[in-house]
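Spelled out from the first residue to the last, the chains are:
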Number of protein chains: 2
Amino acid sequence: MANKNQFVEQIADIETDFAQWYTDVVLKTKLVDYGPVKGTMVIRPYGYAIWENIQREFDRRFRENGYENAYFPLLIPMGFMTKEAEHVEGFAPEVAVVTHAGGEKLAEPLCIRPTSETIIGTMYAKWTESWRDLPVRMNQWANVMRWEKTTRPFLRTSEFLWQEGHSVFASEEEAEEETQKMLAVYAEFAKTCLAMPVLTGKKTEKEKFAGAVATYGMEAMMHDGKSLQSGTSHYLGQNFSKAFNIKFTDKDGTQKFGYTMSFGVSTRLIGALIMTHGDARGLVMPPVVAPVQVVIVPIAAKREGVIEACVRLKDRLTAAGVRVVLDDSDNSPGWKFNEWEMKGVPLRIELGPRDLEAGKLLCARRDNFEKTEMSLENAAEEIQALLKRVSENMYEKARERMNTRIVTKDSLEGILEGVNGGNFVRAGWCGCRACEDKVKEFAQATARVMDGDHTEKVCAVCGKKSSATVFFARAY
Amino acid sequence: MANKNQFVEQIADIETDFAQWYTDVVLKTKLVDYGPVKGTMVIRPYGYAIWENIQREFDRRFRENGYENAYFPLLIPMGFMTKEAEHVEGFAPEVAVVTHAGGEKLAEPLCIRPTSETIIGTMYAKWTESWRDLPVRMNQWANVMRWEKTTRPFLRTSEFLWQEGHSVFASEEEAEEETQKMLAVYAEFAKTCLAMPVLTGKKTEKEKFAGAVATYGMEAMMHDGKSLQSGTSHYLGQNFSKAFNIKFTDKDGTQKFGYTMSFGVSTRLIGALIMTHGDARGLVMPPVVAPVQVVIVPIAAKREGVIEACVRLKDRLTAAGVRVVLDDSDNSPGWKFNEWEMKGVPLRIELGPRDLEAGKLLCARRDNFEKTEMSLENAAEEIQALLKRVSENMYEKARERMNTRIVTKDSLEGILEGVNGGNFVRAGWCGCRACEDKVKEFAQATARVMDGDHTEKVCAVCGKKSSATVFFARAY
């Protein structure tokens, strides 16, 4: 029974058809389902619990950085979008528009927020009077809508959930520093909570947020070597403060425009962790955000005392803050092993009569399939320590993969060869749009972020002096 | 300074102009602001923190009752709404409609969810196959939209935040029992977390949810004697399961339609707590959901050791799980007292050089203005106990007010006199719509809920045999 894994048979092969593997896994583990409207998703409880864990972890980090949560309206007057020229150009083609409400045609169409710089900027302009009101730091957890042609659950959907932080500062320096700081918060979160290594850096003009002075992003390498943009932090300069009149009276009594920045991550992060850690058997959940961290599977469950011992263990683990499920269903242990493996639960505990007698339990890791015996007595502490090791090991494994798959090239052909091999390609770039477009055309790769370590002095495309070393990759 | 209260001067008199008092208080304490689109609100950090506390308390209760959180799409195809005849009739006039998206006109208009029975029902139909899949219990925290003509922050806004629970059962009995159970969860929450007494009971046909077999509601009495519907639980029978094809194969092998129910509370609860507890000086926050439970105001803050002692006290209270703010701003103590009073913080601690010498602190209650001395050493425990007493006292005070303002009447004139006096009026009712409409016309009062204690045997309007004793009131 344990050998014949019907669950694995249900999902496509991860190496030969990664796209189908992804679809199979997200549907069969009940993370998500397709919504009735094209491009929308339903986030099912097993998927939503990941999001709640992500929210909790971020909320703590944002609060430590001075952020307060607030909520701004879903609907934005179309006229707001047009106040910042680049912004409307970037987002107008993707907005969903409300033209009728309450049985009447609206005087002005309203758009469903694709992002909230414009409406939050309008409110900040009203609330900000003096330098004493600065800095302003707020965060919002919300749904946003961007009408997309090609969609995939979590990765690209017309509606998605996200957080967007929006800040105003009196000076350029502070706003720029905050942009970097929140990017660093994202990268630390990715490492600690998702066991996901990322590259961080500045985006090119082509890839930046519509309306930003500069966008910084974090990019993660998926199982197939493609990149997934997993979070962005934008320095907006005075572009939005001038468009929305966010002014303050400075200490010297003069009126000045503030400097703003914004940053966001979305339910895309769920797609990122699936495609970073998943394997042939299905999901592999990073312990910090796993909806279920430990599953207890009773062995010979009908034997006296087994279920009772499992319940006691479950209660002790729960009391210690571990998210644990006892699978006391009628299915066979083998069936349960395979199901919980597909769902990616980090640790599986097997507990049967012989273990009970010996005062022990058997614990199997999802990340490397290692089995460890541990004493029942110290289970809570040992399990917590083991969860930590699982997370660290998952991170190291992903980091090693990423590091071995970063190659440096100095020609268009080299870039093509690199990305064809499932790599991120470091290459010098002169800074011009034409060369960036050529890489896209020739290698179907885009500039993900610039490398802080600018070693490549010549543009891989045109051979002229380079202004940056860029990570090129195919991307989701 | 402490006598000249500039804060109280900013807000209208609660007894003579309650409507203006409400508007003044919610704006000046920065709970909320008006959004740019008519009828929308911006929930500012001080208001949103209340909502987060409400969410946390409910999430625990829902989980204990078997609910899991999920997220369903914002946009619902118009055709879904029309599948349940009563439902579309009730909600169609209020929906906001998306007609264009991604730069194109949509083939079918989409409505922004006014509630999610139709879209959740569609998914449940897909997921529910066997009796083994039942019961299904899910909850969603989301924004919804109902286009309203007359709006007021928190009480009635075109967009609001809420939770909606949706369940499917195999039998009528289970679904009805769940409807009552979740209503009881609401009432317990109102008492424990909002210190708010409520009346619960069945709604009349006229007042029930569009598409429900029966709606049960909880109603709270506001400062002015008007009623605020604060939560509803709907028994939906097979109305939605038949409209959306939510079927399951029962143990006997036959296909049956499920029985569904739903329940919801919204950001309206914030309006409810404001209008239940507020007084001439502003907000009075119930401790369990108060964003700030304790404010520490240093006295003679520049004297040696005062600020340090305040910081130590703050850290100890925080470690004990108390939400505490140390106001070390440059404002005078009197200014601070008044500001935090308007913001309704349950407890204020004053700590100065003399207190420090004596190892004591002075604590002032917001609910009854009593001042207590307590030893600095035991502050954490004493403060926690005091917060509990504040909550209980607020509840008792509100309950007493409600109880003394419930009168029983046996005529239309009596009902008018009763509601004119700011009362809830108990009266017999024959059960016919005509008599209910007459009460509305003559006394501008509506049937809030039916009293489980059916003592009035004659209809107060027509004099015929009554079928229920109803609480009539003017309502928000």
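Keep in mind that what you see is a predicted model, and the values were worked out from it rather than measured.

Colleague: Give me the lowdown on the interface of chain B and chain A, citing residues and values where you can.
Modeller: Taken together, the contact pairs 51 residues of chain B with 51 residues of chain A. Across the interface of chain B and chain A, roughly 4,000 Å² is buried in total on both sides, 65% from carbon and sulfur atoms. The largest contributions to the chain B side of the interface with chain A come from Pro36(B), Pro45(B) and Tyr71(B), which together make up 15% of the buried area. Our count for the chain B to chain A interface comes out at 2 salt bridges. Notably, a salt bridge pairs Asp33(A) with Lys126(B), separated by 2.8 Å at the nearest N-O pair. For the pair chain B and chain A, the interface holds 22 residue pairs in polar contact (both at pLDDT 80 or more). No other element matches strand 5 (residues 96-101) of chain B, which puts 6 residues into the side of chain B that touches chain A. Split into classes, the residues belonging to the side of chain B that touches chain A amount to 32 nonpolar, 9 polar and 10 charged.

Colleague: Help me get a handle on the pattern of salt bridges, residues and values and all.
Modeller: This structure, assessed with the given rule, holds 58 salt bridges over all chains. The partner of Arg60(A) in a salt bridge is Glu64(A), with the nearest N and O atoms 3.4 Å apart. Here the residue Arg60(A) and the residue Glu64(A) both occupy positions in helix 3 (residues 45-64), the gap between them amounting to 4 residues, near one helical turn. One salt bridge connects Asp252(B) with Lys256(B), and the closest N-O pair in it is separated by 3.6 Å.

Colleague: Mind laying out the relation of the copies chain B and chain A, listing which residues take part and the relevant values?
Modeller: Its rotation angle being 180°, the transformation that places chain B on chain A also includes 0.0 Å of axial translation and leaves an RMSD of 0.0 Å. On the angle and the small slide along the axis, the relation comes out as a two-fold axis. Every residue of chain B has its C-alpha some distance from the rotation axis, and the shortest such distance is that of Val98(B), at 2.1 Å. Most of the interface of chain B is mirrored in chain A, where 100% of its interface residues again form contacts.

Colleague: I'd like to hear about the confidence of the model for chain A, residue by residue, with values.
Modeller: Counting all residues, the mean pLDDT for chain A is 96, and 99% of those residues have values of 70 or more. Across the interfaces of the predicted complex, the ipTM metric reaches 0.96, alongside a pTM of 0.97.

Colleague: Go over the side chain of Asp279(A), please, and point to the residues and values.
Modeller: All names here are of chain A. For Asp 279, the position within the fold is in the loop between helix 9 (268-277) and strand 15 (294-298). With relative accessibility at 18%, the residue Asp 279 sits in the buried group. A polar side-chain atom of Asp 279 sits 2.9 Å from the main-chain amide nitrogen of Arg 281. At 2.7 Å, the side chain of Asp 279 forms a polar contact with the side chain of Arg 366.

Colleague: How would you sum up the side chain of Gln140(A)? Please name residues and give values.
Modeller: All names here are of chain A. Among the structural elements, Gln 140 can be located in strand 7 (residues 136-145). Within the local environment of Gln 140, its side chain forms a polar contact with the backbone nitrogen of Phe 72, the two atoms lying 2.6 Å apart. A polar atom in the side chain of Gln 140 sits 3.4 Å from the side chain of Ser 116. Those residues in contact with Gln 140 that lie beyond four places of it in its chain are Ala 70, Tyr 71, Phe 72, Arg 113, Ser 116, Trp 162, Gln 163 and Glu 164.

Colleague: Could you give me a rundown of the sheet that holds strand 22 (residues 446-451) of chain A, with the residues and numbers involved?
Modeller: Residues and elements named next belong to chain A. Ordered by their spatial adjacency, 4 strands build an open sheet running 20-21-23-22, and the pairing between neighbours is mixed. Each edge of the sheet is formed by a strand with only one pairing partner; in this case those strands are strand 20 (406-408) and strand 22. Each neighbouring strand pair of the sheet contributes to a mean axis angle of 35°, computed without reference to strand direction. Sheet strands in contact with helix 14 (residues 412-420) are strand 20, strand 21 (424-429) and strand 23 (468-473), and its direction is about 160° off that of strand 21.

Colleague: Explain helix 7 (residues 172-194) of chain B residue by residue, including any values.
Modeller: All names here are of chain B. Under the 1.5 Å per step criterion, the end-to-end length of helix 7 is 32 Å for 23 residues, consistent within 8% with the ideal 33 Å. When we look at burial in helix 7, the residues that qualify are Ala 175, Glu 178, Thr 179, Met 182, Leu 183, Val 185, Tyr 186, Ala 187, Phe 189, Ala 190, Cys 193 and Leu 194. Ala 195, located one to two residues past helix 7, shows a positive phi value of around 55°.

Colleague: Give a detailed account of a negative patch on the surface, specifying residues and quantitative values.
Modeller: All names here are of chain A. A cluster of acidic residues, Glu 172, Glu 173, Glu 174, Glu 176 and Glu 177, forms a negative patch at the surface. Here Glu 173 is to be found in helix 7 (residues 172-194). Under the relative-accessibility criterion, Glu 173 is labelled exposed at 53%.

Colleague: Describe in detail the pairing of strand 23 of chain A, supporting the description with residues and values.
Modeller: Looking along a regular strand, one sees side chains alternate from face to face of the sheet. Residues and elements named next belong to chain A. Judged by how many residues are buried, strand 23 sits mostly within the fold: 6 of 6 residues are covered. In this sheet, strand 23 lies alongside strand 21 in antiparallel orientation, the contact comprising 5 bridges. Counterpart to Ala 427 in the pairing with strand 23 is Val 470. In the sheet, strand 22 pairs with strand 23 via 5 bridges, with the strands oriented antiparallel. Looking at strand 23, one finds that Thr 446 is bridged to Ala 473.

Cut-offs applied
- Residues numbered from 1 in each chain as written.
- Chains lettered and ligands numbered in written order.
- Predicted model: local features only at pLDDT ≥ 70, side-chain atom pairs only at ≥ 80, totals over all residues.
- Heavy atoms only, no water.
- Contact = heavy atoms within 4.5 Å.
- Buried area = accessible area lost by both parts, 1.4 Å probe.
- Salt bridge = Lys/Arg side-chain N within 4 Å of Asp/Glu carboxyl O.
- Polar contact = N/O pair within 3.5 Å; in protein donor to acceptor, adjacent residues only side chain to side chain.
- Helix = DSSP H or I, 4+ residues; strand = E, 2+ residues; numbered from the N terminus.
- Nonpolar A, V, L, I, M, F, W, Y, C, P; charged D, E, K, R; others polar.
- Least-squares fit on C-alpha atoms with pLDDT ≥ 70 in both.
- pLDDT = per-residue confidence, 0-100.
- Buried < 20%, exposed > 50% of the residue type's maximum accessible area, 1.4 Å probe, protein only.
- Pairing = 2+ DSSP bridges.
- Axes fitted to C-alpha atoms, helices over the stretch in contact; angles between N-to-C directions.
- Expected span 1.5 Å × (residues − 1).
- Patch = residues over 30% accessible without salt bridge, like charges linked within 9 Å, V, L, I, M, F, W, Y side chains within 5 Å.
- Areas by Shrake-Rupley, 256 points an atom, 1.4 Å probe, with all protein chains shown as cover.
- Lys, Arg positive; Asp, Glu negative; His and termini not counted.
- Charge placed at Lys NZ, Arg CZ, Asp CG, Glu CD.

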